[in-house]
Amino acid sequence: LNAESEYESLRSFVEPVRQAGVRRFYIHARAAVVGGTHTHVWNREVPPLRPELAHRLASEYPDLEVIVNGGIGDIESARAVCKRPLRGVMVARAVRDSPFAWSTLDKQWYGIEASVSRTRRRVLEAYLDYAEEYLASDLPTWEQMNLD
């Protein structure tokens, strides 16, 4: 698919959903190929990232909250992608893989100092507490969701 046909496909999905009243859309910046021999790992690496499609959607539909996802590995990348008219960015693996780096988000993005000192140890302990709560819940693990 080229960028224009990808955008038209995206728009043809968003328009009826928007008409039904949905106002917030999380747009993955990479078009995945479903079926065949393509794996989730292939889909994460091969199709190009196109955050400009989310930007275009947000520009053409200013009444929507458009949040982009995909390929954001650090705070600077998030800042570079998250420009108006987008309303936000979504990250997952980057936070999971480097929780300490993301613990400075409030300071780097908003200039807000943390109320407690965040050492690597404190961040790791908080992350482990979260992991223990998650594993004790009925929610599926990453392996069960087959995302890695």
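Only a predicted model underlies this, so the values are computations on that prediction, with no experimental measurement involved. (Residues numbered from 1 in each chain as written. Predicted model: local features only at pLDDT ≥ 70, side-chain atom pairs only at ≥ 80, totals over all residues. Heavy atoms only, no water.)

1. A look at the overall build of the chain
Stage number 1. Secondary structure assignment for the chain yields nine helices and three strands.
Stage number 2. Secondary structure elements in the chain, listed N-terminal to C-terminal, are α-β-α-α-β-α-β-α-α-α-α-α.
Stage number 3. Taking all 148 residues of the chain together, 24% fall into the buried category.
Stage number 4. Counting contacts in the chain only where the partners sit at least 6 residues apart, residues at least 24 apart contribute 55% of the total.
Stage number 5. Of the accessible surface of the chain, which amounts to about 10,000 Å², a share of 55% is contributed by carbon and sulfur atoms. (Helix = DSSP H or I, 4+ residues; strand = E, 2+ residues; numbered from the N terminus. Buried < 20%, exposed > 50% of the residue type's maximum accessible area, 1.4 Å probe, protein only. Contact = heavy atoms within 4.5 Å. Areas by Shrake-Rupley, 256 points an atom, 1.4 Å probe, with all protein chains shown as cover.)

2. Section: the environment of glycine 70
Stage number 1. Within the secondary structure, glycine 70 sits in the loop between strand S2 (65–69) and helix H4 (75–81).
Stage number 2. Note on glycine 70: relative accessible area 14%, which makes it buried.
Stage number 3. Placed 20 residues apart in sequence, glycine 70 and methionine 90 show a C-alpha to C-alpha distance of 7.5 Å.
Stage number 4. Not counting the four nearest positions on each side in its chain, glycine 70 is found in contact with His28, Ala29, Leu49 and Met90.

3. Digging into the pattern of salt bridges
Stage number 1. By the definition in use, this model includes 12 salt bridges.
Stage number 2. The residue arginine 24 makes a salt bridge to glutamate 65 at a minimum N-O spacing of 3.1 Å. Note that arginine 24 is positioned in strand S1 (residues 24–28) and glutamate 65 in strand S2, a separation of 41 residues in sequence.
Stage number 3. Judged by its relative accessible area of 27%, glutamate 65 falls in the partly exposed class.
Stage number 4. The salt bridge partner of glutamate 113 is lysine 107, with a shortest N-O separation of 3.7 Å.
Stage number 5. Judged by its relative accessible area of 49%, lysine 107 falls in the partly exposed class. (Salt bridge = Lys/Arg side-chain N within 4 Å of Asp/Glu carboxyl O.)

4. Some points on the packing of aromatic side chains
Stage number 1. Applying the stated rule across the entire model yields three aromatic pairs.
Stage number 2. Between tryptophan 109 and tyrosine 110, the ring centres sit 6.4 Å apart and the planes meet at 40 degrees, which makes this aromatic pair tilted.
Stage number 3. Ring geometry for tyrosine 130 versus tyrosine 134: centroids 6.1 Å apart, planes at 40 degrees, classification tilted. Taken as a pair, tyrosine 130 and tyrosine 134 lie in helix H8 (residues 120–136) at a separation of four residues, close to a single helical turn.
Stage number 4. Judged by its relative accessible area of 21%, tyrosine 134 is partly exposed.
Stage number 5. A network of ring pairs unites the aromatic residues Tyr127, Tyr130 and Tyr134 as a single cluster.
Stage number 6. Seen from the ring of tryptophan 109, arginine 79 lies directly overhead, with NZ or CZ sitting 5.4 Å from the centre. (Phe/Tyr/Trp six-rings, centres within 6.5 Å; stacked < 30°, edge-to-face > 60°. Lys NZ or Arg CZ within 6 Å of the ring centre and 35° of its normal.)

By themselves these figures say nothing about function.
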